[in-house]
Amino acid sequence: MDKILEKAIKTHHLSKMEIIELLGNNNFDNNIFAAADNVRKKYVGNEIHLRALIEFSNICKQNCFYCGVRAANQNIERYRMVPDGIITLAQNAINKGYKTIVLQSAEDDYYTAEILADIIKEIKKNDVAVTLSIGERSFNEYKIMKEAGADRFLLRIETTDRELYKKLHPNMDYNNRVECIENMKKLGYETGTGCLVGLPNQTIESLADDILFFKELDADMVGLGPLIPHKDTPLKNMTADSFWLSLKVMAITRLLMPDINIPATTAMETIHPNGRIIALQSGANVLMPNFTDESHRSQYEIYPGKKSVDYTKLEETFNKTGRTISKSKGFRQKTI
Ligand code: 5AD
C-alpha cells in the first residue's frame, strides 16, 4: 500500500488494479487523505475558490433514479426563475465579491440557448467567470452559450458503469453523455465532471473506472459525493453511508490530477457534520455557497437535508487552518 501511495504522489499515475487496492483497503485511509492534502497544497495552494451557486429551475424532463427533482416526483412544487431574477441573484453575489457565478438547473428546455446566452452576456458585463450546469444539450446549443461568454460547464458522468447508468437513467444514453462532455472540451469550456458514490450495486472496480475516466478526459474540475437517498425516488431504501468512500474517491482523484479544481461538495457537507472541513483537508480546494432565493431553496431538493451554510463568517475559520479565500476567478492553472 505504501508503495502504491508513493507512486501516486510521485507520478500522479496509477493502474486500475492499484486504485482498486487503495479503495478496497481501509487501513491506510488517513495516509491517503494526508497525501491528497499535501498534493493539493503543492499544486493549487492554500486558496479556496468560492463559486456562487444559483439554482434557477427545478423543472426536469429526466427521471434519474436518485434525484428528488426527477420529473415523476409530484410531491414538490416546481419553479422557474425569470431571466431578470437570475441576473439579480448573480449581481448580489458579484457585489459580495464572488468571481464565479454557477448557473444550475434541472433539465428544463424552456431555457433555450438564446435565452441563456442573453443571461450570460448580462452577467459577463462584470469581471466574473460563468459556469453552466444545466444538463445535456446539443453541440450547437453549447456553442451559442460559449460564444455568449460562458467559461465553464459541469456535467457529471454519474457512473461509468454502463449497465448501472442505463438502469438509473431511463431514456438517457451513456454515449450521448460522454459526447456532451467531449463537446464542451472541444468548444473550449473548462470542463467539469464527476460521479455519485454509493449507488446500488456499484463496485469499487467501477469507481476505479470513474477516476480513470476523469483522468483520461483531463477534466478541469471534478465534483463527486455520496448518494443521499430521497424518499420520493426509486432509491429511497438505500442507506446514506458512503461519506468516507466518496472522500477516498475524491482524495485519489486529487492524487492523480494534482492541478484541477475539486469542490467540497454540498452532499459531503450534508451527510457528515464536518464534511466540508474534512473534504478541504483531503484534496478539495473549492466551495460552492448557495445563492438561490430562500423561497426556492427548499424546492431544489435533489436530496434531503441539502445544506446551505452561511459562508460569511467562515473566512476566519479558514484562515486559522492556513487557508485563504481567493479573490481571483480561479481557473485551472495547468502545471503538468
Ligand atoms: N444524492 C446525492 N447527490 C445527488 N445528485 C442528484 N441526486 C442526488 C442524491 N440523491 C447529484 C448528481 C447531480 C448533482 C447535481 O447532484 O450527481 O449531477
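Our subject is the structure listed above.
Now for a look at the structure at hand. (Residues numbered from 1 in each chain as written. Predicted model: local features only at pLDDT ≥ 70, side-chain atom pairs only at ≥ 80, totals over all residues. Heavy atoms only, no water.)

**Considerations on the site of the ligand**
Right, so step 1: For the ligand, the full set of nearby residues is Y66, C67, R156, E158, L196, P226, L227, I228, I302 and Y303.
Right, so step 2: One of the side-chain N or O atoms of R156 is found 2.8 Å from an oxygen atom in the ligand.
Right, so step 3: In this structure, I228 approaches the ligand through a main-chain N or O atom, which is 2.8 Å from a nitrogen atom.
Right, so step 4: With the chains in place, 87% of the 410 Å² that the ligand exposes on its own is no longer accessible. (Near = heavy atom within 4 Å. Polar contact = N/O pair within 3.5 Å; in protein donor to acceptor, adjacent residues only side chain to side chain. Areas by Shrake-Rupley, 256 points an atom, 1.4 Å probe, with all protein chains shown as cover.)

**Observations regarding the pattern of salt bridges**
Right, so step 1: Enumeration over the complete set of coordinates arrives at 25 salt bridges.
Right, so step 2: The salt bridge involving D151 is made with K124; its shortest N-O contact spans 2.9 Å. Here D151, found in the loop between α6 (139-147) and β5 (152-154), pairs with K124, found in the loop between α5 (113-123) and β4 (129-133); they are 27 residues apart in sequence, far enough to count as distant.
Right, so step 3: With relative accessibility at 27%, the residue K124 sits in the partly exposed group.
Right, so step 4: The partner of E158 in a salt bridge is R177, with the nearest N and O atoms 3.6 Å apart. One end of the pair, E158, is in the loop between β5 and α7 (162-168); the other, R177, is in helix α8 (residues 174-187), with 19 residues separating them in the sequence.
Right, so step 5: Its relative accessible area of 6% is what places R177 among the buried residues.
Right, so step 6: What emerges from the salt-bridge pattern is a single network uniting D218, D220, D259, R332 and K334. (Salt bridge = Lys/Arg side-chain N within 4 Å of Asp/Glu carboxyl O. Helix = DSSP H or I, 4+ residues; strand = E, 2+ residues; numbered from the N terminus. Buried < 20%, exposed > 50% of the residue type's maximum accessible area, 1.4 Å probe, protein only.)

**A word on the nonpolar core**
Right, so step 1: If you look at the biggest cluster of nonpolar residues, it comprises 103 residues, and the most contacted ones within it are I101 and L103.
Right, so step 2: Here this core takes eight residues from helix α10 (residues 243-256), the largest share from any one element.
Right, so step 3: When neighbours within four sequence positions are excluded, I101 is seen to be in contact with A52, I54, A90, A93, I94, I123, V128, A129, V130 and T131. (Core = buried A, V, L, I, M, F, W, Y, C linked by side-chain atoms within 4.5 Å. Contact = heavy atoms within 4.5 Å.)

**Considerations on the environment of I19**
Right, so step 1: Looking at the element boundaries, I19 is found in helix α2 (residues 16-24).
Right, so step 2: Judged by its relative accessible area of 0%, I19 is buried.
Right, so step 3: In this structure, the C-alpha to C-alpha distance between I19 and I4, residues 15 residues apart in sequence, is 8.5 Å.
Right, so step 4: Among residues more than four places away in sequence, those in contact with I19 are L14, A208, I211, L212, I252 and L256.

**A few points about α2**
Right, so step 1: Among the residues making up α2, those that are buried are E18, I19, I20, L22 and L23.
Right, so step 2: Those residues of α2 hidden inside the fold are in contact with α1 (2-11), α3 (29-44), α9 (204-217) and α10.

**Quick look at the packing of α6 against α8**
Helix-helix packing: each pair is described by the crossing angle between the helix axes and the interaxial distance.
Right, so step 1: Across the interface, α6 lies against α8 with an axial gap of 10 Å and an inter-helix angle of 35°. For the pair α6 and α8, the crossing hand works out as right-handed. Judged by residue contacts, F139, Y142, K143 and K146 of α6 engage C180, N183, M184, K186 and L187 from α8. (Axes fitted to C-alpha atoms, helices over the stretch in contact; angles between N-to-C directions. Left-handed = near helix turned anticlockwise from the far one by under 90°.)

None of the figures reported here should be taken as evidence of function without further support.
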